[in-house]
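Report on the structure
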Amino acid sequence: MFDSHVAVLLDQAVSLVNTLTDGQARGRPYSAPRGAELADAIDAAVPRTAASLPRAIDAEQAAYLTGAAQRMRDVFQAMQDGREDAAAETVNALLRDTAARPRLDRVGAEPWQMHFHGPDDSFAAGSSASCATALALAVGGGLAGRLGVCRAERCDRVYVDTSRNAARQFCSTACQNRTKAAAFRARKEGGG
Ligand SMILES: [Zn+2]
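Residues numbered from 1 in each chain as written. Predicted model: local features only at pLDDT ≥ 70, side-chain atom pairs only at ≥ 80, totals over all residues. Heavy atoms only, no water.

**Things to note about the coordination of the zinc ion**
Coordination angles at a metal have ideal targets, namely 109.5 degrees for four tetrahedral donors and 90 or 180 degrees for six octahedral donors. Summarising the metal site, the zinc ion is bound by the protein donors C150 (SG), C155 (SG), C171 (SG) and C175 (SG), whose distances to it range over 2.3 to 2.4 Å. Ordering the donors of the zinc ion by residue number gives the pattern C-x4-C-x15-C-x3-C. Accessibility classification places C171 together with C175 in one group, the buried group. (Donors = N, O, S within 2.8 Å, 3.2 Å for Na, K, Ca; no water. Buried < 20%, exposed > 50% of the residue type's maximum accessible area, 1.4 Å probe, protein only.)

Right under this line is the structure:
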């Protein structure tokens, strides 16, 4: 469905949104890490690959990524709400502000690979540009319906639906089970 490189970048977008934006996660309030913990959380959210940009996650880069993650969340939320124009507008703004642009790179004797940022971009700008491009390919490729926000009570974490029947509704099996259990209790209490 998604090209494997794009799928990796969409996972990265999900990971950045769910790590860096406040809200609710699996039934509990969620606050993004602050201060010294923030750089470690970002480092963990973006997997390392052979072609990774060098990482120097200072306060400025952390703030940049936090801002970008909030806008990526807006894209998931807009798609969930059926506001496709708003999603496209936000993706275009992200593409512009991160200076996303395609480019072929290779590491050593590895095959050439498509990247969506320049070789000298900062880690924050380069990662954001890659995520923005992946979101653009999803929204512009007829796969925007695959971007979702968890439907469980007290959860607003995002996900990419890669299921065959496009029926995913939850960020995690934890939320799926929680919702099923609540529905079961409601039926029982309803005198069924
Ligand atoms: Zn959830």
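**Digging into the nonpolar core**
In this structure, L10, L16, I42, M72, F76 and L147 are the most contacted members of the largest nonpolar core, which totals 42 residues. Among the secondary structure elements, those contributing two or more residues to this core are α1 (4-20), α2 (36-45), α3 (59-80), α4 (84-97), α5 (123-140), β5 (147-149) and β6 (158-160). Ranked by residue count, the leading element in this core is α3, at nine residues. Setting aside residues up to four positions removed in sequence, L147 forms contacts with L10, V75, F76, M79, L135, A138, V139, Y159 and V160. If you look at the next biggest cluster of nonpolar residues, it comprises six residues, including A152, C155, C171 and C175. (Core = buried A, V, L, I, M, F, W, Y, C linked by side-chain atoms within 4.5 Å. Helix = DSSP H or I, 4+ residues; strand = E, 2+ residues; numbered from the N terminus. Contact = heavy atoms within 4.5 Å.)

**Digging into the confidence of the model for the protein**
Averaged over the protein, the pLDDT score is 92; the fraction of residues at 70 or greater is 98%. Mean pLDDT in the protein bottoms out at strand β4 (residues 113-115), which sits at 88, and peaks at strand β1 (residues 23-25), which reaches 98. (pLDDT = per-residue confidence, 0-100.)

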